[in-house]
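# Understanding the architecture of this molecule
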Amino acid sequence: MEGVVLIYRYGNENAGRVILQVIGEHEVERLEKEYELIKAAVAEDFLFIAMLVDDWYSDLSPWESKEAINGKEFKGNADKTLDKLLEQVEPYKNRKLYLVGYSMAGLFALWAACNTDAFCGVAAVSPSVWYPGFADFFETADVKVDKLYLSLGKKEEKTRNKYMSQVGDAIRQISEAAIDKGFETVLEWNDGNHFHEPEKRMAKGIGWILKSPG
């Protein structure tokens, strides 16, 4: 595993707020559209950096899953990815850092918030919180973030997949845990399934954590 590399950059290099989004190869083509939507939602300057991972399923999973899900292997390399990410963002450590992600990257962002205090806000958009054991883990974790945005598509839990059908209950559990922990948090429900308008969902989540006080 080579880990994350900071390869796509948008916005003001000198901005005091830095948005870090972990992405897979399949998301590269929609980054520019997402950036334009973020600009429309946020008035203040920011730097938007996207970081590409090599293995979407293994590099972003918090621990190994003994079962292949939909034929995919989940090797649990999130700890290595986080270590590499923190190395990469060292030059920005004196700025306000926000970690955001969609799907498996949203799961990773939530997990990272439980393992480092480097980020002041997290946006987990349509996160893969159906991942076995994650909701229970988050509920008891020492979460090190001040602001947390959660969202899910209204149709995402309406599936026959035995894992992914649990995503609605899991995100409700995580939302309730975040409220109990005293975070500034919100859970928004979007129209459509997991693949509906991801750029708009990401921009909305990023806009929320950047507009909120702090």
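Here is a short report on the structure shown in this document. These numbers come from a predicted model, not from an experiment. (Residues numbered from 1 in each chain as written. Predicted model: local features only at pLDDT ≥ 70, side-chain atom pairs only at ≥ 80, totals over all residues. Heavy atoms only, no water.)

## Observations regarding the packing of aromatic side chains
Here is the rule we go by: Classification of ring pairs rests on two measures: the distance between centres of Phe, Tyr or Trp rings, Trp counted by its six-membered ring, which must be within 6.5 Å, and the angle between planes, read as stacked under 30 degrees, edge-to-face over 60 and tilted in between. What counts as a helix is a DSSP run of H or I of at least four residues, what counts as a strand is a run of E of at least two, and both are numbered from the N terminus. A 1.4 Å probe rolled over the protein chains alone gives each residue an accessible area, and that area as a share of the maximum for its type sets the label: buried under 20%, exposed over 50%, partly exposed in between. Sitting over a ring, as applied to charges here, requires NZ of Lys or CZ of Arg to be within 6 Å of the ring centre and within 35 degrees of the ring normal.
According to the stated counting rule, one finds 14 aromatic pairs in the structure shown. Their ring planes at 70° and their centres at 6.0 Å tell us that Tyr35 and Phe46 sit as a pair that is edge-to-face. With a gap of 11 residues between them, Tyr35 in helix α1 (residues 31-41) and Phe46 in the loop between α1 and β3 (47-52) connect regions that are remote in the sequence. By the burial criterion, Tyr35 is buried, and Phe46 matches it. Through a chain of ring-to-ring contacts, three or more aromatic side chains come together here, namely Tyr57, Trp63, Phe74, Trp130, Tyr131, Phe134, Phe137 and Phe138. Sitting above the plane of the Tyr102 ring, Arg30 keeps its charged end 5.8 Å from the centroid.

## Focus on unusual backbone geometry
A positive phi angle, near 45°, is found at Ser126, a position not held by glycine. Secondary-structure assignment places Ser126 in the loop between β5 (121-125) and α5 (134-140). With a phi close to 50°, Glu197 is a non-glycine residue in the positive phi region. In this structure, Glu197 sits in the loop between β7 (184-190) and α7 (198-211).

All quantities given are derived from atomic positions and should not be read as evidence of function.
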